[in-house]
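Chain by chain, the residues:
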Amino acid sequence: MKRIGSLLLVCALVIGLFTGCRSNESKSGALKVAAIETAYGAQMWQEVCKAFTEQTGIEVELTTDKNLEDVISGPMQNGEYPDVVHLATGRPAGLTEQMIKQKALYPLDKVLESTVPGENKKVSEKIAGGFTDTSLTNPYGDGKTYLAPMFYSPCGLFYNQKLFTEKGWTVPTTWEEMWELGDKAKAEGIALFTYPTAGYFDAFFFALMYSIGGAAFFDKATHYAEGIWDSAEAKTVFSILDKLASYTHEKTPAQANNQDFTKNQLMVMQNEALFMPNGTWIVGEMAQAESTLTNEFAWGMTALPAVNSNGAGYSFCWFEQAWIPAGAESKEAAEQFIAFLYSDKACEIFANTPIQSESGTTVKSNAIQPVLGIADKLEGNNKLFFSIYDNGAKAAMGGFAAFKEIPGIDISTVFFQPIDSLVAGTLTIEEYVTNIKTASDQMRANLLQ
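A few points on the structure. (Residues numbered from 1 in each chain as written. Predicted model: local features only at pLDDT ≥ 70, side-chain atom pairs only at ≥ 80, totals over all residues. Heavy atoms only, no water.)

### Topic: the packing of aromatic side chains
In step 1: Under the counting rule described, the total for this entry stands at 43 aromatic pairs.
In step 2: With 4.8 Å between their ring centres and 75° between their planes, phenylalanine 151 and phenylalanine 350 make a pair best called edge-to-face. Within this pair, whereas phenylalanine 151 is found in strand E4 (residues 148-160), its partner phenylalanine 350 is found in helix H16 (residues 344-352), the two being separated by 199 residues in sequence.
In step 3: For phenylalanine 151, a relative accessible area of 2% gives the class buried.
In step 4: On the basis of an interplanar angle of 75° and a centroid distance of 5.8 Å, the ring pair of phenylalanine 238 and tyrosine 432 is categorised as edge-to-face. Placement of phenylalanine 238 in helix H10 (residues 232-246) and of tyrosine 432 in helix H20 (residues 429-445) is noted, with a sequence separation of 194 residues between them. Take phenylalanine 238 and tyrosine 432: they sit in the same class, and that class is buried.
In step 5: A cation over an aromatic ring shows up here: lysine 103 above the ring of tyrosine 140, its NZ or CZ 5.4 Å from the ring centre. (Phe/Tyr/Trp six-rings, centres within 6.5 Å; stacked < 30°, edge-to-face > 60°. Helix = DSSP H or I, 4+ residues; strand = E, 2+ residues; numbered from the N terminus. Buried < 20%, exposed > 50% of the residue type's maximum accessible area, 1.4 Å probe, protein only. Lys NZ or Arg CZ within 6 Å of the ring centre and 35° of its normal.)

Take a look at the structure:
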């Protein structure tokens, strides 16, 4: 979210746009790869590029930057495209969403049917089931995959396992049990719920829809089906959200911003609130804060509760994406590169490259690919988190369908940001629902086909 403020630095970035992962000099004819630099660091991408070149003989020019959109958008507008881009949906700049809306992505079906370089399995045989069957990878509903699923993170409700052990409390498996626990916690001055920012309700909202109405309701809701928000399932969704707002720590909305969100996360770590929605990245993000805690603490994670004892709890699986621009020059080499991302070698590099944590210690990058059997190779917190689907939770995947640009309307401001006002008491659940219905009508009328 940070922006580069120096004109000289911008110029330097543009001039050196595609510097190589093996050299600082531009290599004519090399495959151009651009990857967002996140908390996983840039070194793992350098190592993967090197391994790809060793396997295939194809040279790679790698660009990594924390503000990748700033670096590649200008050249792309001038027709100079990377061949492969790793940049997930859901980022503030929305570059990937723009490419989807402009239908400027190259289909990856040949990648899925190709053999992983250096191995004897097809890419489709290595990717875990369901990951290439969602709107996050198949945005047009035309049976084609345009975005490759990358590093994934099960999302759910995070809590302090030590507190539950100390109190003798059981993690709720239904919403009725959740409200009962909320009343117990309130009696001891602990809120049931908090959240980092309203944006974290994406994974929460999706898992909640799955738990209430399954894939059928989810698909209708995320494609803005007419009348869907008046259905019995939708009424249950909003009833739970409204009640949960009343159980949310009163300070949450004021701190639910990019500057103060860690204060809300600390509420769970310091026993001021029981649960918060989050993803597996929370451990690294709060590692320094964890080292300063004065109370007993250990991470716990659970799926969203089921609606009733006969239902199932759901954990939304958030994953990043890689794609090939339709304007890329080296599409065949780009297809090989994306196929290589699912190799055992690449998975090992992504998961185990050393990085420096916020506390200054050296840890593993832990960028986990959605490859079958990969959880068996993990340990510690990651073993706990990535085995959530082995412990009874069902996976929820997907997102809202893409639509043509509508001035003043986007997914976050319609569905998630109003949560702050709902919790603060400045917006009623009825007003929230009315706004969603109005926006959904416009989204449905502008769906990308």
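### Notes on the nonpolar core
In step 1: Counting 138 residues, the largest nonpolar core has Phe205 and Phe238 as its most contacted members.
In step 2: Looking at which element gives the most residues to this core, the answer is helix H9 (residues 201-222), with 13 residues.
In step 3: Among all residues touching phenylalanine 205, those that are not within four sequence positions of it are Trp229, Val237, Phe238, Leu241, Phe400, Phe415, Phe416 and Tyr432. (Core = buried A, V, L, I, M, F, W, Y, C linked by side-chain atoms within 4.5 Å. Contact = heavy atoms within 4.5 Å.)

### Quick look at the pattern of salt bridges
In step 1: For the structure on display, the rule yields nine salt bridges.
In step 2: Note that glutamate 113 and lysine 122 form a salt bridge whose closest N and O atoms lie 3.3 Å from each other.
In step 3: Take glutamate 113: its relative accessible area is 48%, and that puts it in the partly exposed class.
In step 4: Overall, the relative accessible area of 33% leaves lysine 122 in the partly exposed class.
In step 5: In this structure, aspartate 441 and arginine 444 form a salt bridge, with 2.8 Å as the shortest nitrogen-oxygen distance. (Salt bridge = Lys/Arg side-chain N within 4 Å of Asp/Glu carboxyl O.)

### Considerations on the side chain of glutamine 255
In step 1: Structurally, glutamine 255 is set in helix H11 (residues 252-255).
In step 2: Not counting chain neighbours up to four residues away, the residues in contact with glutamine 255 comprise Pro196, Asp260, Phe261, Lys263, Asn264 and Met267.

### Observations concerning the environment of glycine 141
In step 1: By the secondary structure assignment, glycine 141 is in the loop between helix H6 (123-126) and E4.
In step 2: Residue classification places glycine 141 among the exposed positions, given a relative accessible area of 68%.
In step 3: With 276 residues separating them along the chain, glycine 141 and glutamine 417 place their C-alpha atoms 27 Å apart.

### Quick look at helix H2 (residues 43-56)
In step 1: With 14 residues, H2 ought to run about 20 Å at 1.5 Å a step, and its terminal C-alpha atoms sit 20 Å apart, in line with that.
In step 2: If you check which residues of H2 are buried, you get Met44, Trp45, Val48, Cys49, Ala51, Phe52 and Thr53.
In step 3: Within two residues after H2, glycine 57 carries a phi angle of roughly 80°, on the positive side. (Expected span 1.5 Å × (residues − 1).)

### Concerning unusual backbone geometry
In step 1: Even without glycine at this site, tyrosine 224 takes up a positive phi of about 60°.
In step 2: Counting through the fold element by element, tyrosine 224 comes out in the loop between H9 and H10.
In step 3: Residues other than glycine seldom take positive phi values, yet asparagine 366 does so here, at roughly 55°.
In step 4: Take asparagine 366: it is sitting in the loop between strand E10 (362-364) and helix H17 (380-386).
In step 5: Looking at asparagine 366, the relative accessible area reads 28%, which means it is partly exposed.

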